[in-house]
Amino acid sequence: GLENSLLNIPLSQEVRNSRTNNVPFISLENYCDLLGWFLSEGSLQRKESVSIAQSKSIGVSKIIVLLDKIGYKYSYVGHQFQIYSKQLVLLFDKLGNCREKFIPREVLGLSEKYLRILFSSLMSGDGHWSSEDSGHYYTLSKQLKDDFQELAIKLGYVTRVSSRLRFGRQWKSY
């Protein structure tokens with residue numbers, strides 16, 4: 001299954017022919033961390049790069065350390081990380097856009113060690129802690145809301161869901 005220490009990231013012919021930076025393997029810890037940041041703060045830019053928005057200095061530092069560990073080259077301009085990797089675009093492309101994002105079922109089936117890493121980066125992105133054991137997580141995706149709730153319950157948290165339509169916004173957030 002997925003729970004090996006290294007995740008083999010396939011190099012399709014399209015990726016091999018691209019001039020973007022690729023890595024043959026990524027540790028499962030780093031994948032779960034990057035997945036959380038992408039699901040919370042990420043988007044695909046014209047199917048050419050992965051963008052991760054982050055303005056909080058602690059979040060910026062965490063992402064820099066993570067990308068350096070993985071080996072992806074990136075730029076950080078205007079509170080946005082840009083990672084030009086066709087490989088990463090293809091890996092994250094199947095996870096939907098902002099209102100359709102989800103946590104893959106095989107990831108939700110990982111051990112607690114990996115789920116905690118994912119939970120931490122999700123909370124660092126679109127969540128916040130109001131106390132040591134109480135926090136909030138926000139998303140536009142109903143499926144990601146459900147997946148996050150499953151993740152939180154697996155980690156021993158009690159969850160409650162609410163929704164709101166913020167002023168000036170077209171989409172409901174959870």
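The structure reproduced in this document is the subject of the present report. (Residues numbered from 1 in each chain as written. Predicted model: local features only at pLDDT ≥ 70, side-chain atom pairs only at ≥ 80, totals over all residues. Heavy atoms only, no water.)

**Some remarks on the overall build of the protein chain**
Filter applied, for reference: Counting from the N terminus, the helices are DSSP H or I runs at least four residues long and the strands are E runs at least two residues long. The rule is simple: take the accessible area with a 1.4 Å probe, protein chains only, and divide by the maximum for that residue type; under 20% is buried, over 50% is exposed, in between is partly exposed. Note on contacts: a residue pair qualifies if any of its non-hydrogen atoms lie within 4.5 Å across the two residues. The Shrake-Rupley method, run with a 1.4 Å probe, gives the accessible areas here. Residue values count only the displayed protein chains as cover.
Looking only at helices and strands, one finds seven helices and eight strands in the protein chain. Burial statistics for the protein chain: of 174 residues in total, 41% are counted as buried. Look at the contacts in the protein chain between residues 6 or more apart in sequence, and 64% of them connect residues 24 or more apart. Of the accessible surface of the protein chain, which amounts to about 9700 Å², a share of 52% is contributed by carbon and sulfur atoms.

**Describing unusual backbone geometry**
Not every positive phi belongs to a glycine, and histidine 79 is a case in point at roughly 65°. In this structure, histidine 79 sits in the loop between β5 (75-77) and β6 (80-83).

**A short note on the pairing of strand β3 (residues 42-45)**
Put simply, the rule reads: In short, DSSP must find at least two bridges between two strands for them to pair.
In terms of strand pairing, β3 meets strand β4 (residues 49-53) through four bridges, oriented antiparallel. The partner of glutamine 45 across the bridge, within β4, is serine 49. Adjacent in sequence and paired antiparallel, β3 and β4 are bridged by three residues, among which arginine 46 carries a positive phi angle near 50°.

**Examining the sheet that holds β6**
Adjacent strands of a sheet form backbone hydrogen bonds with each other and so pair up, either parallel or antiparallel. How we decide: Convention adopted: a line fitted to C-alpha atoms gives each axis, helices being fitted over their contacting stretch, and angles between N-to-C directions are expressed from 0 to 180 degrees.
Here four strands make up an open sheet; going across it, the order is β3-β4-β6-β5 and the pairing antiparallel. A single partner strand is all that each edge strand has here, and the edge strands are β3 and β5. Between one strand and the next, the sheet's axes are offset by a mean angle of 25°, whatever the strand orientation. Across three bridges, β5 lies against β6 in antiparallel orientation. Bridging across to β6, tyrosine 76 finds its partner in phenylalanine 81. Across the sheet, helix α4 (residues 86-93) is in contact with β3, β4 and β6; its angle to β4 comes to roughly 70°.

**Some thoughts on the pattern of salt bridges**
Heads up, the rule is: Throughout this description, the term salt bridge denotes a Lys or Arg side-chain nitrogen within 4 Å of a carboxyl oxygen of Asp or Glu.
Under the definition given, this model contains eight salt bridges. Note that lysine 142 is salt-bridged to aspartate 146, the shortest N-O span being 3.6 Å. Residue lysine 142 and its partner aspartate 146 are located together in helix α7 (residues 142-154), separated by four residues, close to a single helical turn. With relative accessibility at 29%, the residue aspartate 146 sits in the partly exposed group. For glutamate 150, the salt bridge goes to lysine 154, with nearest N and O atoms at 3.3 Å. Placement of both glutamate 150 and lysine 154 in helix α7 is noted, with a separation of four residues, approximately one turn of the helix. Since its relative accessible area comes to 42%, lysine 154 is described here as partly exposed.

**Focus on the nonpolar core**
Using the following cut-off: To define a nonpolar core, start from buried Ala, Val, Leu, Ile, Met, Phe, Trp, Tyr and Cys residues and group those joined through side-chain atoms within 4.5 Å.
Counting residues in each nonpolar core, the largest one holds 41 residues, and the members touching the most others are Tyr31, Phe92, Ile103 and Leu151. Breaking this core down by element, the ones donating at least two residues are α2 (28-41), β4, α3 (57-70), β6, α4, α5 (105-108), α6 (112-126) and α7. Among the elements that line this core, the one with the most residues is α2, at eight residues.

**Overview of α7**
The line we're drawing: Helices are assigned an expected span. That span is 1.5 Å times one less than the residue count. Here the arc refers to the set of directions running from the helix axis out to each C-beta atom. Two N or O atoms form a polar contact when they lie within 3.5 Å of each other; inside protein one atom must be a possible hydrogen donor and the other a possible acceptor, and for residues adjacent in sequence the pair counts only when both atoms belong to side chains.
In this model α7 runs 19 Å from its N-terminal to its C-terminal C-alpha over 13 residues, within 8% of the 18 Å that 1.5 Å per residue would give. Inspection of α7 places Leu144, Lys145, Asp147, Phe148, Leu151 and Ala152 among the buried residues, and these make up the whole buried set. In a view along the axis of α7, the buried residues occupy a sector of 165°, so they form one face of it. The opening residue of α7, the one whose side-chain oxygen lies 3.4 Å from the backbone nitrogen of glutamine 143, is serine 141. Of the residues flanking the end of α7, it is glycine 156, one or two places downstream, whose phi is positive at about 95°.

**A few points about the packing of aromatic side chains**
Test applied: Side-chain rings of Phe, Tyr and Trp (the six-membered ring for Trp) are treated as a pair once their centres are within 6.5 Å; stacked means planes under 30 degrees apart, edge-to-face means over 60, and tilted covers the remaining angles.
The full count for this structure, using the stated rule, is eight aromatic pairs. Ring geometry for phenylalanine 38 versus phenylalanine 92: centroids 4.4 Å apart, planes at 15°, classification stacked. Here phenylalanine 92 lies in helix α4 and phenylalanine 38 lies in helix α2, a separation of 54 residues in the sequence. Each member of the pair, phenylalanine 38 together with phenylalanine 92, is buried. Measuring from centroid to centroid gives 4.9 Å for phenylalanine 119 and tyrosine 157, while their planes differ by 15°, and the two rings are stacked.

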